[in-house]
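Spelled out from the first residue to the last, the chains are:
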Amino acid sequence: MSVMLLIEQALNGLQYGVMLFLMAAGLTLVFGVMGLINLAHGSLFMVGAFACAAVAGATGSFWLGLAASLAAAAAAGALVELTVIRRLYARDHLDQVLATFALILVFSEGTRWLFGSFPLYLDIPDALAGPVTLPGGIDYPLYRLVLIGIGLAIAGALFWLIGRTRLGIRIRAGEADREMIAALGVDISKLYTIVFALGAALAGLAGALVGALQSVQVGMGEPVLILAFVVIVIGGIGSIKGALVGAILVGLTDTLGRFLLPILFSTFMETSAATSVGAALASMLIYILMAGVLVVRPGGLYGRA
Amino acid sequence: MNAKSKLLAAVAALAMAGVAGAEPLKVGMITTLSGGGASLGIDTRDGFMLAVKQAGNPDLEVVIEDDQRKPDVAVQLADKMIQSDKVDVLTGIVWSNLAMAVVPAATAQGKFYLSTNAAPSQLAGKGCNPNYFSVSYQNDNLHEAAGAYAAKAGITRAFIMAPNYPAGQDSLAGFKRFYEGEVVGEVYTQLGQTDYAGEIAQIRASGADGVFIFLPGGMGISFVKQYADSGVGLPLIGPAFSFEQTIIQAMGDAALGVLNGANWSPDLDNAANTAFVEGFAAEYGRLPSVYASYGYDTANLLLSAMAKADVKDADAFRAALRAADFDSVRGDFAFSPSQHPVQDLYVREVVRDGDILTNRIVGTAIEDRSHAYEDACKM
């Protein structure tokens, strides 16, 4: 095991974490501002990927597909907020979980009805295909570097939006005391629709960007959704900064754990058993991390509790 | 011909019809038609129903239900089919864990089970049953084909990889069974993993000269796209599951040149296969996958047994199934004593044919292969 390999794995972990952040950011905003548990966030991830694959397939342009994914996911998010989610704010979390779980089924079967059961084809744009050589002689896929860049840029834009704009002030105010800002004349229901659509657009963008690396298929959003929940619990619910730090922690822990644990075990075990035990333990690692963080800081790293 | 001989002829015809199995037969198909693995179940069903349609036998009735890839649902469906639909034969399950939940109980109730896909080692060896037939393969077969061929394809230092679950562990064991080269790296990934950057970096650093993967469904699509983009460029080999007709379209050119072990290919040269591939394309507007071929063979096996014996006479029907007197799309086909296929295993390559990607046979890996658990089956 060389240092270069370790650096490459750390980059992989960073890239994975940054993509998780795009998912977690929307989830944590919606949870923080509206107090809503949205299980259908993974479906919006899928909507983005399918919109991108369909438009890229029809026009041949990945970039048009990317724009379509943002538009489609934001539109789906706004539509869902206006028709279903709006009725849930006053209800308890169990009702929200049930209703948004139903939305998962509606989105999944609806997508299957529209696109069929077979995975769609979506590939990396030619301009970003293939590896580049980094200083130190690491061959690293250009597309993954671009993903890291896009993810960090969006994180920066979100911090600016929340911290420096009027909309951001309202979002923060809504998080702190929704009755009061309603009393001050802010149209709270419009604000909620905007926040929900923004979160949906981020999920859709993540779906399209990751869809080029993965399989675009029905149900692709749910595994990511679980990880996104882990991220926001680690980071502290409602905190964008927490989501970013949590996502990168989860990405690094998962990638490096998968890589290092089998090596660690093989120093004192037979190789075959070591890979099996190491892989099993690596898959638990992020949950162990979550439990550890919660023991020390029950509200998450940047939570209020 | 006088009246008396006409009457005799009619009676003889009736009697013939009697022994020729004019008795109706009801088959229950439990397969995955929704959720992540739906494309496999849909192809199984479509292949099966194509053969049923081509035969046009009014005595064969098929009940189809969706198991949603959940063992508990599959068990409920099997109970319902046996108790209220009164099926004689069950078939169609795609996944080994579902098969383990359904098959032993169904065969214990005297029903026949014909496997269109899943054939776990437990049912091939110690747990073999006179009422259980695998028409597809034994689970290890396609991995064995890849292993036997890898050295011939110039892969002498292999990096091998599968998800960390029972079928994944069986896969790597199956690959190593006939592999003559050296294994320089062995990695278990998470089931359902979508990002393989970490594993690809390990492959690059391992000094391997080829990679064996068993990553079914979406996992394979993710890996192959990321692997192609990484520029590692070592030859890739795997079982056919990861490089099936429905999957390679989603991989695109990244899949070109990948070798995969199989027991069937659309270009296998025999009359039954030509009729199958053309019939399937005409009926459904797409090329069939291995799953469709297993469904098609299973239906034809069932029809051949129906023509010989009545399913109510279990011993006669079993003997008729065991004879395997049908034209398999795989060419030669016979059952081993444990009632699994004895068949040739091939290695195929993903090629581009016009607008679509498909598979072509590049060589035979093992001839007349049965399976590794044959001796454990006492039947």
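Residues numbered from 1 in each chain as written. Chains lettered and ligands numbered in written order. Predicted model: local features only at pLDDT ≥ 70, side-chain atom pairs only at ≥ 80, totals over all residues.

Comments concerning the sheet that holds strand 3 (residues 89–91) of chain B
Two pairing modes exist for strands in a sheet, parallel and antiparallel, and in both the strands are linked by backbone hydrogen bonds.
Residue and element names in this part refer to chain B.
Link 1 in the chain: Spatial ordering of the open sheet is given by 2-1-3-4-5, a layout of 5 strands whose pairing is parallel. Each edge of the sheet is formed by a strand with only one pairing partner; in this case those strands are strand 2 (60–66) and strand 5 (132–134). Mean inter-strand twist for the sheet, computed between neighbouring axes without regard to direction, equals 20°.
Link 2 in the chain: Relative to strand 3, strand 1 (residues 25–31) runs parallel, the two being bridged by 3 bridges. (Pairing = 2+ DSSP bridges. Helix = DSSP H or I, 4+ residues; strand = E, 2+ residues; numbered from the N terminus. Axes fitted to C-alpha atoms, helices over the stretch in contact; angles between N-to-C directions.)

Quick notes on the nonpolar core
Link 1 in the chain: Ranked by internal contacts, the top residues of the largest apolar core, which has 217 residues, are Ala24 of chain A together with Ala145 of chain B.
Link 2 in the chain: When residues of this core are assigned to domains, at least three fall in each of domain 1 (7–139 + 268–342) and domain 2 (141–265 + 345–376) of chain B.
Link 3 in the chain: With residues up to four places along the chain from it excluded, the contact list for Ala145 of chain B reads Gly261, Ala262, Leu345, Tyr346, Val347, Ala365 and Ile366 of chain B. (Core = buried A, V, L, I, M, F, W, Y, C linked by C-beta atoms within 7 Å. Buried ≥ 20, exposed ≤ 12 C-beta atoms within 10 Å, placed from the backbone. Domains from an automatic or database assignment. Contact = placed C-beta atoms within 7 Å.)

Here's the deal with unusual backbone geometry
Residue and element names in this part refer to chain B.
Link 1 in the chain: The backbone phi angle of Lys86 is positive, close to 55°, even though this residue is not glycine.
Link 2 in the chain: Residue placement: Lys86 occurs in the loop between helix 3 (71–83) and strand 3.
Link 3 in the chain: Positive phi, close to 50°, is recorded for Ala324, a residue that is not glycine.
Link 4 in the chain: Tracing the chain through its elements places Ala324 in the loop between helix 13 (314–323) and strand 11 (334–335).
Link 5 in the chain: Exposure remark for Ala324: the 21 C-beta atoms within 10 Å place this residue in the buried category.

Section: the interface of chain A and chain B
Link 1 in the chain: Between chain A and chain B, the residue contacts involve 39 residues of the former and 32 residues of the latter.
Link 2 in the chain: Within the residue set of the side of chain A that touches chain B, elements represented by two or more residues are helix 1 (3–34), strand 2 (138–141), helix 5 (142–164), helix 10 (240–266) and helix 11 (271–296) of chain A.
Link 3 in the chain: No other element matches the 7 residues that helix 11 of chain A contributes to the side of chain A that touches chain B.
Link 4 in the chain: Residue composition of the side of chain A that touches chain B, grouped by class: 18 nonpolar, 16 polar and 5 charged. (Nonpolar A, V, L, I, M, F, W, Y, C, P; charged D, E, K, R; others polar.)

Overview of the environment of Met379 of chain B
Residue and element names in this part refer to chain B.
Link 1 in the chain: When you line up the elements, Met379 lands in the segment after strand 13 (356–369).
Link 2 in the chain: Here Met379 falls in the exposed class, since 9 other C-beta atoms lie within 10 Å of it.
Link 3 in the chain: Placed 135 residues apart in sequence, Met379 and Glu244 show a C-alpha to C-alpha distance of 34 Å.
Link 4 in the chain: Non-local contacts of Met379, meaning those with residues more than four positions away in its chain, are made with Cys128, Pro130, Pro337 and Ser338.

Overview of the confidence of the model for chain A
Link 1 in the chain: On average, chain A scores 91 in pLDDT, and the residues at 70 or more come to 99%.
Link 2 in the chain: Of all helices and strands in chain A, the one with the weakest mean pLDDT is helix 7 (residues 178–183) of chain A (86), whereas helix 3 (residues 62–83) of chain A scores best (96). (pLDDT = per-residue confidence, 0-100.)

What about the domain arrangement of chain B?
Residue and element names in this part refer to chain B.
Link 1 in the chain: Per the domain assignment, the segments making up chain B are domain 1 (7–139 + 268–342) and domain 2 (141–265 + 345–376).
Link 2 in the chain: Taking only C-alpha atoms into account, the centre of domain 1 sits 28 Å from that of domain 2.
Link 3 in the chain: Listed as interface residues are 25 residues of domain 1 and, on the opposing side, 22 residues of domain 2.
Link 4 in the chain: For the side of domain 1 that touches domain 2, the secondary structure elements donating two or more residues are helix 2 (38–55), helix 5 (121–124) and helix 12 (290–308).
Link 5 in the chain: Among the residues making up the side of domain 1 that touches domain 2, the classes are represented as 9 nonpolar, 13 polar and 3 charged.

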